[in-house]
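Notes for the structure review
Residues per chain, in single letters:
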Amino acid sequence: MVFQKNKNDEFQHSVVKQLNQKSEFDLTVAESRKFSQKIISWYGENKRNLPWRNTKDPYKIWLSEIILQQTRVRQGLPYYLKFVKQLPTVFSLAKAKEQEVLSLWQGLGYYTRARNLHQCAKDVVEKFQGVFPNNFNDLQRLRGIGSYTAAAIASISFREPVAVVDGNVFRVLSRIFGIDKDISQSKTKDFFFALANELMSKEQPDEFNQGVMEFGATHCLPKNPLCRECIFSKQCIANKHDLQTVLPVKSKKQKIRKRYFYYFVSHKSKKIWMKKRTEKDIWRGLFDFYLIETTKPVNIDKLGEKDENLGKYKLIAVSKTYKHILSHQHLKARFISVKTVKLKRKFNNDFKYYTPTEIKKLPKPVLVLQYLRDEGILD
């Protein structure tokens, strides 16, 4: 292994020497058992009281895992509770309308997760009579279930000894064992998956997996980890050699796309003109307004004149700029209120005027919801 430079730009020669004396998979049974026992014991004493930890129901475990993908527990918990209350079983989710599912999901973002969730429920009901497959391999064949989610369901619901690997696991194992492999590379995931499986308890795979994830989420934090009170402080390579800011190594950075949205909000009496997004883009299946998108800020006064589809209109007001940040996109939106307007093309039929009561029930992007609330259209 060749280590990265630390914050003082000095190579960690002692660490390299120490790590190169060992092969990548030379943990003894005793070392693996000691690690798993420590994690399980720590988890038992420190785990947060979360509803999906008080069940073995694969539906609820699956639901929690999908909701918590790219979502923090604090934000995801209310959504989980809403789903369980309104759609308590895989059968009720499968029977639900897409609009209902998207409305429940509204605000979580990455709406492909919601559509896959809905389709997966239908598949489980139609192909498996509502019974989730009880093993890692078969679970991965379901829509929207990758290796991480499959491992979580298999280990927690069915106690199959298969390790979960996510950002928390990368961070914990890379720091404790001094692994400088680039986690942006696919082969690195295979490495950590093998290592985690070597370490995990075969008797308590559910407690082990949840323990490692919880340890990374609440203790071995990305910034300012709690090293002074860590159960692995003596054996942790990162702690010994001040490598907490170096590990895990991640070199690949995704390019950020900047998008500028100009929404035309047409008013007719107390109704507002809206349309369901059907394009293969963000927010598919949600409702918004007539949109002109640009790659840079433009003059609003002349914006409508240059659009070949937009008919004449009378401008009422222009909103402030609303910002919405996604992992790979930065959006800036402004809402242009106009009196009744028609589109020149046939897709004018795609739009419909809705009352505030009807709009409240429609699934909408958070950015649109915030605007409607600011305008007093929705509470």
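Structure shown above.
Parameters and conventions
- What you see as residue numbers is a count from 1 along each chain, following the sequence as written.
- Given that this is a predicted model, residues contribute local features only at a pLDDT of at least 70 and side-chain atom pairs are listed and counted only at 80 or more, while totals for whole chains, interfaces and linings are drawn from all residues.
- Water and hydrogen atoms were dropped before computing side-chain values, which therefore reflect all heavy atoms in the structure.
- Numbered from the N terminus, helices here are DSSP runs of H or I no shorter than four residues, and strands are runs of E no shorter than two.
- The buried label applies to any residue whose accessible area, calculated with a 1.4 Å probe on protein chains only, is under 20% of its type's maximum; exposed applies above 50%, and partly exposed to all values in between.
- Residue contacts are defined here by distance: any two heavy atoms, one from each residue, within 4.5 Å place the two residues in contact.
- Only the protein chains shown count as cover for residues, with accessible areas throughout obtained via the Shrake-Rupley method and a probe of 1.4 Å.
- All tallies of charge rest on Lys and Arg as positive and Asp and Glu as negative; His and the ends of each chain are not included.
- Working definition for charges: the position is that of NZ of Lys, CZ of Arg, CG of Asp or CD of Glu.
- A side-chain nitrogen of Lys or Arg and a carboxyl oxygen of Asp or Glu constitute a salt bridge if their distance falls within 4 Å.
- Contacts described as polar in this section are N or O atom pairs within 3.5 Å, which, within protein, must combine one atom able to donate a hydrogen with one able to accept it, while residues neighboring in sequence count only if both atoms come from side chains.
- Two strands are counted as paired when DSSP detects at least two bridges linking them.
- Here a cavity denotes grid points, spaced 1 Å and computed from the protein atoms alone, that fit a 1.4 Å probe unable to get out, and a pocket denotes an open set having protein on both sides within 12 Å along at least 5 of 7 lines; residues with an atom within 4 Å of a point are the lining.
- Grid points are joined across faces, edges and corners, and a volume is the space filled by probe spheres set on the points.
- Under the convention adopted here, Pro, Cys and the residues Ala, Val, Leu, Ile, Met, Phe, Trp and Tyr are nonpolar, Asp, Glu, Lys and Arg are charged, and Gly plus all remaining residues are polar.

Time to look at the overall build of the protein. Within the protein, the regular secondary structure consists of 16 helices and eight strands. Along the first, second and third principal axes, the C-alpha set of the protein runs to 75 × 55 × 30 Å. Taken across its 379 residues, the protein has 48% of its residues classed as buried. Counting only contacts in the protein whose residues sit at least 6 apart along the sequence, the fraction spanning at least 24 positions is 68%. Total accessible area on the protein is roughly 20400 Å²; 49% of this is exposed by carbon and sulfur atoms. The positive charge centre, built from 69 side chains, and the negative charge centre, built from 38, are 6 Å apart in the protein.

Moving on, we get to the pattern of salt bridges. Scanning the model with the defined rule gives 14 salt bridges in all. Residues Lys56 and Asp206 are paired through a salt bridge, measuring 2.8 Å at the closest nitrogen-oxygen approach. In this pair, Lys56 sits in the loop between helix H2 (29–46) and helix H3 (58–67) while Asp206 sits in helix H12 (residues 205–218), placing the two residues 150 residues apart along the sequence. For Arg159, the salt bridge goes to Asp206, with nearest N and O atoms at 3.2 Å. Residue Arg159 is located in the loop between helix H9 (147–158) and helix H10 (167–177), and its partner Asp206 is located in helix H12; the two are separated by 47 residues in the primary sequence. Looking at Arg159, the relative accessible area reads 42%, which means it is partly exposed.

Right, let's get into the side chain of Glu214. Its location among the elements puts Glu214 in helix H12. Here Glu214 falls in the buried class, since its relative accessible area comes to 1%. Within the structure, the side chain of Glu214 is placed 2.8 Å from the side chain of Arg48, a separation counted as a polar contact. The contacts of Glu214, once residues within four sequence positions are left out, are Trp42, Tyr43, Asn46, Lys47, Arg48, Arg53 and His219.

What follows covers helix H16 (residues 366–374). The complete set of buried residues in H16 reads Leu367, Val368, Leu369, Tyr371 and Leu372. Buried positions along H16 lie against strand S1 (257–268), strand S2 (271–276), strand S3 (287–288), strand S6 (322–325), strand S7 (329–339) and helix H15 (356–361). Looking at the residues trailing H16, positive phi occurs at Gly376, about 80°.

What follows is about the pairing of S7. Two strands pair when backbone bridges link them, and S1 and S7 are joined in this way by 11 bridges, in the parallel orientation. From the neighbouring strand, Tyr263 faces S7, where its bridge partner is Phe335. Where strand S5 (residues 315–318) meets S7, three bridges bridge the pair, whose relative direction is antiparallel. Looking across to S7, one finds that Leu315 is bridged to Val338. Direction of pairing for S6 relative to S7: antiparallel, over a ladder of four bridges.

The next thing to look at is the layout of surface pockets. Unfilled space is identified by rolling a water-sized probe across the atoms. Approximately 1700 Å³ is the volume attributed to the largest pocket. Partitioning the lining of the largest pocket into residue classes produces 18 nonpolar, 17 polar and 12 charged.

A few words on unusual backbone geometry. Most of the time, phi is negative for any residue but glycine, and the peptide bond is trans. Cis geometry marks the peptide bond from Leu247 to Pro248; its omega dihedral reads 0°. Position of Pro248 relative to the elements: it lies in the loop between helix H13 (237–240) and S1. A positive phi angle, close to 55°, is found at Gln129, a residue other than glycine. In this structure, Gln129 sits in the loop between helix H7 (112–128) and helix H8 (136–139). Residue classification places Gln129 among the exposed positions, given a relative accessible area of 57%. A positive phi angle is found at Arg159, which is not glycine, with a value near 55°.

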